[in-house]
Amino acid sequence: MNFLSTRGQTPPTAIDRALSAGLAPDGGLYVPEGFPALPQPLAAEGLDATAHALLSPYFEDSSLRDGLREICARAFSFDAPLRPLSQADDWLLELFHGPTAAFKDYAARFLAEALAGLRDESAPPTTILVATSGDTGAAVAAAFHRRPGFEVLILYPDGRVSPRQAHGLGCWGDNVQALRVDGDFDACQRLAKQALSDEALRAQRPLSSANSISLGRLLPQAAYYAHAAGRHYAQRGEPLNFIVPTGNLGNACAAFVAKRMGLPIGEIRLATNANDTLPRYFGGADYLAQPTRATLANAMDVGAPSNFERLRHWYRHDAELRAATRADGVDDATIVETIRAAPQRHGIVPCPHTAIGLHVLETLRAQGDERPWAVVATAHPAKFDSIVEPLVGHTVEPPPALAASLARPASAEAMAADYAALRERLLG
Ligand SMILES: *Cc1c(COP(=O)(O)O)cnc(C)c1O
């Protein structure tokens, strides 16, 4: 199986090359040439076995093929439970049981395993440069921490991530360094992009990214959709529908991959915060990226969803894409109200991102929709304690892995939002 670029100007590319490159040379995103049908059923197996079955056809020609089972066992070493909520046919797909308590752990760990497997042992260490507004940086740091041959440099906007998120970026040490940049997320991203396109710098200091558009992050995420839908189908004989809290559309695109491989997935519904580029488009307007707005669900503060190109590639015409899914936007006031009512209404305490999905579920139920729906829980509420705890009126205990990282000291170096400073830091 080869991989194509969404922009169509890159020849069909083998998986190992597409994984290492991240972005296609024409600036597009890699997509598989086709969607292999999966042998049914996957239901009885564990999440790691499902991941291996789902990913195998894509890795047929990869040098990682024989080690793929082991890679999946290490990357998918914690479960993604599908829990019933208070009302019949309401489900929660919990993706927050990894080391940094957000769904990005699965893909970051898979990517780290894959890049380590593809690495030329004699080459100098690679620096993974990651600009982050919170959760990505922590997941990538955890995945590459103490991994021989890799260093991680995190750039995050000083004062614009939650205190716990800042701790999760600065608590690693060893081969992981965090820089708190005097600027916003866009400034961090500009600095990272500039370094990644600085050939003279890269000749002296090999660099790589771990961006959400990387194929090595997209494909593994399909595994938890396959696993949840497979188990649900085995018990109920019905496809499961998903509500996916969405920013860059990375997680949601993986749901489409699983669906297109023939897994028993019904509808995939997108839920955004007040950044309403997608709701506008699915409401009938032309696609138009918007300036980013800060919201309570900060990991979804995206005005130009980078994976939209993939949806466009899979559903060529607007009418086709609008028939395939739709997107609902949820504002901060509604997030607050949903978190406050969730313990009573659903029997859980949600993070602000998950609350957005719950609100969309409530709307569907109010409209009389009786299908089984799973809301994707993208992060543990304890990660957003400063928002959630005052609303539910009690403390929310962090899960063990998050508690362990909170117990470690954290530090980050201050840096001006200035490319010369970053370049010096990388060469120093
Ligand atoms: C990254 C993130 C999202 C958004 O995921 P996308 O793949 O960018 O759509 C939602 N919730 C949380 C907690 C996240 O960390």
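Everything discussed here concerns the structure shown above.
Residue indices follow the written sequence of each chain, beginning from 1 at its first position. Only residues with pLDDT of 70 or above have their local features reported here, since the model is predicted, and side-chain atom pairs are shown and tallied only from 80 upward, although totals for entire chains, interfaces and linings are computed over all residues. Think of the side-chain values as coming from all heavy atoms in the structure, minus any hydrogens and water.

Caption draft 1: Representation of the sheet that holds strand S9 (residues 240-245) within the structure. One requirement defines pairing of two strands: DSSP has to find at least two bridges between them. Each helix is a run of DSSP H or I of at least 4 residues and each strand a run of E of at least 2, with the numbering of both proceeding from the N terminus. Ordered by their spatial adjacency, 6 strands build an open sheet running S3-S4-S12-S9-S10-S11, and the pairing between neighbours is mixed. With one partner strand each, in any of the chains shown, strand S3 (82-84) and strand S11 (325-329) form the two edges of the open sheet. Across the sheet, the mean angle from the axis of one strand to that of its neighbour is 30°, orientation sign disregarded. In the sheet, S9 pairs with strand S10 (residues 265-272) via 5 bridges, with the strands oriented parallel. When the sheet's bridge partners are listed, Val 244 is paired in S10 with Leu 270. Only heavy atoms matter for contacts: two residues are in contact if any of them lie within 4.5 Å across the pair. To define axes, lines are fitted to C-alpha atoms, for helices over the stretch in contact only, and angles between the resulting N-to-C directions are given on a 0 to 180 degree scale. Here helix H10 (residues 250-260) sits on the sheet in contact with S9, S10, S11 and strand S12 (373-377), set at roughly 170° to S10.

Caption draft 2: Region of the structure containing the site of the ligand. Neighbouring the ligand are 14 residues, the closest being Lys 104, Asp 135, Gly 247, Asn 248 and Thr 378. Between an oxygen atom of the ligand and a side-chain N or O atom of Asp 135, the distance comes to 2.6 Å. Identification of polar contacts relies on pairs of N or O atoms within 3.5 Å, with a donor-acceptor requirement for protein atoms, meaning one able to donate a hydrogen and the other able to accept it, and with residues adjacent in sequence counted only if both atoms are side-chain atoms. Backbone polar atom of Asn 251 to an oxygen atom of the ligand: 2.9 Å apart, as the coordinates give it. We get accessible surface area from the Shrake-Rupley algorithm with a probe of 1.4 Å; when it comes to residues, only the shown protein chains can shield them. Taken by itself the ligand offers 380 Å² of open surface, and the protein chains cover 96% of this. Whether a residue is near a molecule or strand is decided by its heavy atoms; if any one of them lies within 4 Å of it, the residue is near.

Caption draft 3: Inspection of the pattern of salt bridges at higher detail. Salt bridge criterion: a side-chain nitrogen from Lys or Arg within 4 Å of a carboxyl oxygen from Asp or Glu. Applying the stated criterion across every chain, the model contains 26 salt bridges. Where Arg 83 meets Glu 94, a salt bridge forms, and the shortest distance between an N and an O atom there is 2.9 Å. Pair noted here: Arg 83 is in strand S3 and Glu 94 is in strand S4 (residues 90-94), with a separation of 11 residues, a long-range link. Across the salt bridge formed by Arg 425 and Glu 413, the nearest N and O atoms sit 3.1 Å from each other. Of this pair, Arg 425 sits in helix H18 (residues 419-427) while Glu 413 sits in strand S13 (residues 413-416); the two residues are 12 residues apart in sequence, bridging distant segments of the chain. Using a relative accessible area of 24% as the deciding quantity, one classes Arg 425 as partly exposed. We call a residue buried when its accessible area falls under 20% of the maximum for its residue type, exposed when it is over 50%, and partly exposed in between, using a 1.4 Å probe and counting protein chains only.

Caption draft 4: Representation of the environment of Leu 402 in the model. By the element assignment, Leu 402 lies in helix H17 (residues 400-407). A relative accessible area of 7% means that Leu 402 is categorised as buried. Considering only alpha carbons, one finds Leu 402 and Pro 99, 303 residues apart in sequence, at a separation of 6.3 Å.

Caption draft 5: Local environment of the sheet that holds strand S8 (residues 207-208). Read across the sheet, 5 strands follow the order S8-S5-S6-S7-S13 without closing on themselves; strand pairing throughout is parallel. Only two strands of the sheet have a single partner each, and these edge strands are S8 and S13.

Caption draft 6: Highlighting the pairing of S4. Here S4 lies mainly inside the structure; 5 of its 5 residues are buried. Here S4 shows no split at all, with Asp 90, Leu 92 and Glu 94 on one side and Trp 91 and Leu 93 on the other all buried. As paired strands, S3 and S4 are joined by 3 bridges and run antiparallel to one another. Residue Pro 84 lies in a different strand from S4, and its bridge partner there is Trp 91. The turn joining S3 and S4, which pair antiparallel and follow one another in sequence, is formed by 5 residues; a positive phi near 65° is taken by Asp 89. Both S4 and S12 contribute to a ladder of 5 bridges, which runs parallel. From the neighbouring strand, Asp 90 faces S12, where its bridge partner is Trp 373.

Caption draft 7: Highlighting the nonpolar core. The biggest cluster of nonpolar side chains holds 68 residues, and the ones touching the most others in it are Leu 93, Phe 110, Tyr 225 and Phe 242. No other element matches the 10 residues that helix H9 (residues 215-236) contributes to this core. In this structure, Tyr 225 is in contact with Leu 93, Phe 242, Val 244, Asn 251, Ala 254, Ala 255, Ala 258, Ile 265 and Val 376, ignoring residues within four places of it in sequence. Nonpolar cores were defined as sets of buried Ala, Val, Leu, Ile, Met, Phe, Trp, Tyr and Cys residues, with membership established by side-chain atoms within 4.5 Å.

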